[in-house]
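Working through the structure, step by step
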Amino acid sequence: MFIKAIKRAYDRVNLDSTIAEEEKIDALLMKLGAEYLVSKDDRVYVFVKDGQTAKFDAKHARHYSFKEYICKDINKLFHGF
């Protein structure tokens, strides 16, 4: 996944007033990785692609307003996807 695509998706989610602030990280994860999602119990998202597994605990994510950090975290999460 490219960082530019992650930033565009972040901006779209950020501007969507129908998404509650505390659910924006979840919305971004679903926008970017829905096709790879295998589990999301208790806001712990598990994504799998070609035998590669990535896990993200949205309960302990950075505040959504930290765009650069969120985009870097998501880029690391989906590296190789």
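Here the structure is shown first, and the text comes after it.
Below you will find a few notes about this structure.

**Structural notes on the side chain of D26**
The residue D26 is located in helix α2 (residues 24-33) in this model. In contact with D26, other than residues within four places in its own chain, are R43, Y45 and A58.

**Re the sheet that holds strand β3 (residues 52-57)**
Ordered in space as β1-β2-β3, the 3 strands form an open sheet in which the pairing is antiparallel. Each edge of the open sheet is held by one strand with a lone partner, namely β1 (37-39) and β3. Pairs of neighbouring strands in the sheet enclose a mean axial angle of 30°, with direction left out of account. Running over the sheet, α2 touches β1, β2 (44-49) and β3 and is turned about 10° from β2.

**Considerations on the packing of helix α1 (residues 3-15) against α2**
Look at α1 against α2: their axes get within 10 Å of each other, and the N-to-C directions meet at 135°. By the criterion of interaxial angle, the relationship of α1 to α2 is oblique. Judged by the sense of rotation from one axis to the other, the crossing of α1 with α2 is right-handed. Of the residues in α2, those touching α1 at A5, I6, A9, Y10, R12, V13 and N14 are K24, A27, L28, K31 and L32.

**Examining the packing of aromatic side chains**
What the rule picks out here adds up to 6 aromatic pairs. For the pair F47 and F78, a centre-to-centre distance of 5.0 Å together with 65° between the ring planes defines the contact as edge-to-face. Taken together, the residues F47 in strand β2 and F78 in the segment after α3 (67-77) connect sequence positions 31 residues apart. For F78, a relative accessible area of 0% translates into the label buried. Ring geometry for F78 versus F81: centroids 5.5 Å apart, planes at 65°, classification edge-to-face. By relative accessible area, F81 is classed as buried at 12%. Here the aromatic cluster, defined as three or more aromatic residues joined through ring pairs, consists of Y36, Y45, F47, F78 and F81.

**Thoughts on the pattern of salt bridges**
This structure, assessed with the given rule, holds 7 salt bridges. For K67, the salt bridge identified is with D11, shortest N-O distance 2.9 Å. Residue K67 is found in helix α3, and its partner D11 is found in helix α1; the two are separated by 56 residues along the sequence. Residue K67 is classed as partly exposed on the basis of its relative accessible area, which comes to 24%. As a salt-bridge pair, D57 and K59 come within 3.4 Å of each other at their nearest N and O atoms. By relative accessible area, D57 is classed as partly exposed at 28%. The exposure class assigned to K59 is partly exposed, which follows from its relative accessible area of 35%. The network of salt bridges with common partners includes D42, D57 and K59.

Reading the values: the criteria
Residues numbered from 1 in each chain as written. Predicted model: local features only at pLDDT ≥ 70, side-chain atom pairs only at ≥ 80, totals over all residues. Heavy atoms only, no water. Helix = DSSP H or I, 4+ residues; strand = E, 2+ residues; numbered from the N terminus. Contact = heavy atoms within 4.5 Å. Pairing = 2+ DSSP bridges. Axes fitted to C-alpha atoms, helices over the stretch in contact; angles between N-to-C directions. Parallel < 35°, antiparallel > 145°, perpendicular 65-115°, else oblique. Left-handed = near helix turned anticlockwise from the far one by under 90°. Phe/Tyr/Trp six-rings, centres within 6.5 Å; stacked < 30°, edge-to-face > 60°. Buried < 20%, exposed > 50% of the residue type's maximum accessible area, 1.4 Å probe, protein only. Salt bridge = Lys/Arg side-chain N within 4 Å of Asp/Glu carboxyl O.

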